[in-house]
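Descriptive analysis of the structure
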Amino acid sequence: MTEITQLFQYNTLGALMAGLYEGTMTIGELLKHGNLGVGTLDSIDGELIVLDGKAYQAKGDKTIVELGDDVTVPYAAVVPHQAEVIFKQRFTATDKELEERIESYFDGQNLFRSIKIKGEFSKMHVRMIPRAKEGTKFVEVSQHQPEYFEENVKGTIVGIWTPEMFHGVSVAGYHLHFISDDFAFGGHVLDFVIENGTVEIGAIDQLNQSFPVQDRKFLFANLDIESLKKDIDVAEG
């Protein structure tokens with residue numbers, strides 16, 4: 001029997017965009033569902049990077065810390081990554097050029113994929129969402145996020161590719177986070193140039209979405225869905 005690979009997502013990106021930032025799931029619980037993924041922390045304090053079964057926080061002051069099991073998240077997506085396609089990137093490429101190559105291996109456009117890219121990057125451009133008070137719209141916070149560039153850095157990009165039909169549940173297209181091999185630099189990927197590396201694409205068969213059912217703010221939030229979709233485009237683009 002073929003093993004099913006399941007993407008586990010806690011909460012929706014739409015809820016995060018609306019300002020529901022309280023961490024309501026622990027890292028310990030999250031890591032039971034996958035060894036690779038992305039997300040954010042309580043009060044959207046930086047970027048969550050899940051690599052090889054460990055969780056890291058890229059903070060706005062350009063530092064990286066490994067997270068304990070009791071740290072909480074308001075939103076995250078993880079998967080037990082298993083590469084279905086592996087290829088070597090042996091020449092210089094921008095993020096857009098590499099993404100086109102990745103998508104050439106897709107069998108259709110309506111399934112999620114897990115992405116892992118380990119390599120050498122002549123340019124890596126990231127941001128870290130700054131800590132914010134609950135209720136402040138994510139798109140407003142994102143306009144003041146610190147951005148950093150690093151040159152000639154070795155590391156790993158992890159993330160999820162989401163089909164257009166699930167935009168709002170997550171961000172359609174690529175949601176990628178980076179962490180350097182020395183665990184000194186990382187964040188939400190804005191753009192990059194890769195010199196060489198290994199790219200893994202994992203097939204995802206199912207989406208398991210869990211919600212903060214004990215959080216009354218989430219249960220009774222009145223969300224403007226169309227406005228939230230526009231905010232996602234601005235904040236994640």
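Quick summary incoming for the structure in this document. (Residues numbered from 1 in each chain as written. Predicted model: local features only at pLDDT ≥ 70, side-chain atom pairs only at ≥ 80, totals over all residues. Heavy atoms only, no water.)

1. What to know about the overall build of the protein chain
Each helix and strand in the protein chain was counted, giving six helices and 16 strands. Here the protein chain has a C-alpha radius of gyration of 17 Å; the compact-globule value for 237 residues is 18 Å, and the two agree. Seen through its principal axes, the protein chain has C-alpha atoms that stretch 50 × 45 × 35 Å. Relative to its full complement of 237 residues, the protein chain shows a buried share of 52%. Of all intrachain contacts in the protein chain linking residues separated by at least 6 positions in sequence, the fraction that spans at least 24 positions is 77%. With the model as given, the accessible surface of the protein chain reaches about 10900 Å², and the carbon-plus-sulfur share is 48%. Put simply, the protein chain has 21 plus and 37 minus side-chain charges, and the middle of one group is 2 Å from the middle of the other. (Helix = DSSP H or I, 4+ residues; strand = E, 2+ residues; numbered from the N terminus. Rg over C-alpha atoms; globule rule 2.2 N^0.38 Å. Buried < 20%, exposed > 50% of the residue type's maximum accessible area, 1.4 Å probe, protein only. Contact = heavy atoms within 4.5 Å. Areas by Shrake-Rupley, 256 points an atom, 1.4 Å probe, with all protein chains shown as cover. Lys, Arg positive; Asp, Glu negative; His and termini not counted. Charge placed at Lys NZ, Arg CZ, Asp CG, Glu CD.)

2. Quick notes on the nonpolar core
Judged by nonpolar contacts, the single largest core of 40 residues is most densely connected at I102, I117, F121, M124, I157 and F178. When sequence neighbours within four positions are dropped, the list of residues in contact with I117 reads L98, I102, G155, T156, I157, I194, T198 and V199. Within the second largest apolar cluster, 13 residues are counted, among which are M25, L48, V50 and L67. (Core = buried A, V, L, I, M, F, W, Y, C linked by side-chain atoms within 4.5 Å.)

3. Describing empty space enclosed by the protein
If a probe the size of a water molecule is rolled over the atoms, the empty space left behind becomes visible. Scanning the model with the defined rule gives two cavities of 30 Å³ or more in all. The computed volume of the second largest cavity comes to approximately 30 Å³. Lining the second largest cavity are N11, L20, Y21, E22, T24, E134, P212 and D215. (1 Å grid on protein atoms, 1.4 Å probe; cavity = no way out; pocket = protein on both sides within 12 Å on 5 of 7 lines; lining within 4 Å. Points joined across faces, edges and corners; volume = space filled by probe spheres on them.)

4. Notes on helix 3 (residues 95–103)
The complete set of buried residues in helix 3 reads D95, L98, E99 and I102. The buried residues of helix 3 occupy an angular sector of 100 degrees when the element is viewed end-on, so they sit on one face. Seen from the open side of helix 3, the exposed residues pointing more than 90 degrees away from its buried face are K96 and E100. Summarising the contacts, the buried residues of helix 3 are in contact with strand 9 (83–89), strand 10 (93–94), strand 11 (113–127), strand 14 (173–180) and strand 15 (186–203). (Arc of directions from axis to C-beta.)

5. Brief notes about the sheet that holds strand 1 (residues 6–10)
In space, the seven strands of this open sheet follow the order 6-5-4-3-8-1-16, with mixed pairing throughout. The open sheet is flanked by strand 6 (64–66) and strand 16 (206–210), the only strands paired with a single partner. Recorded for the sheet is a direction-independent mean angle of 15 degrees between the axes of neighbouring strands. Direction of pairing for strand 3 (residues 36–40) relative to strand 4 (residues 47–51): antiparallel, over a ladder of four bridges. Within strand 4, the position partnered with G37 by the bridge is V50. (Pairing = 2+ DSSP bridges. Axes fitted to C-alpha atoms, helices over the stretch in contact; angles between N-to-C directions.)

6. Thoughts on unusual backbone geometry
Located in the positive-phi region is S43, a residue other than glycine, with phi close to 65 degrees. Tracing the sequence through the fold places S43 in the loop between strand 3 and strand 4. Using a relative accessible area of 14% as the deciding quantity, one classes S43 as buried.

7. Re the layout of surface pockets
Volume-wise, the second largest pocket comes out at about 150 Å³. Contributing to the lining of the second largest pocket are E84, V85, Y105, F106, D107, L111, F112, R113, I201, A203, I204 and D205. Taken together, the elements giving at least two residues each to the lining of the second largest pocket come down to strand 9 and strand 15. For the lining of the second largest pocket, the residue count by class is eight nonpolar, no polar and four charged. (Nonpolar A, V, L, I, M, F, W, Y, C, P; charged D, E, K, R; others polar.)

Don't take any of this as a statement about function, it's just geometry.
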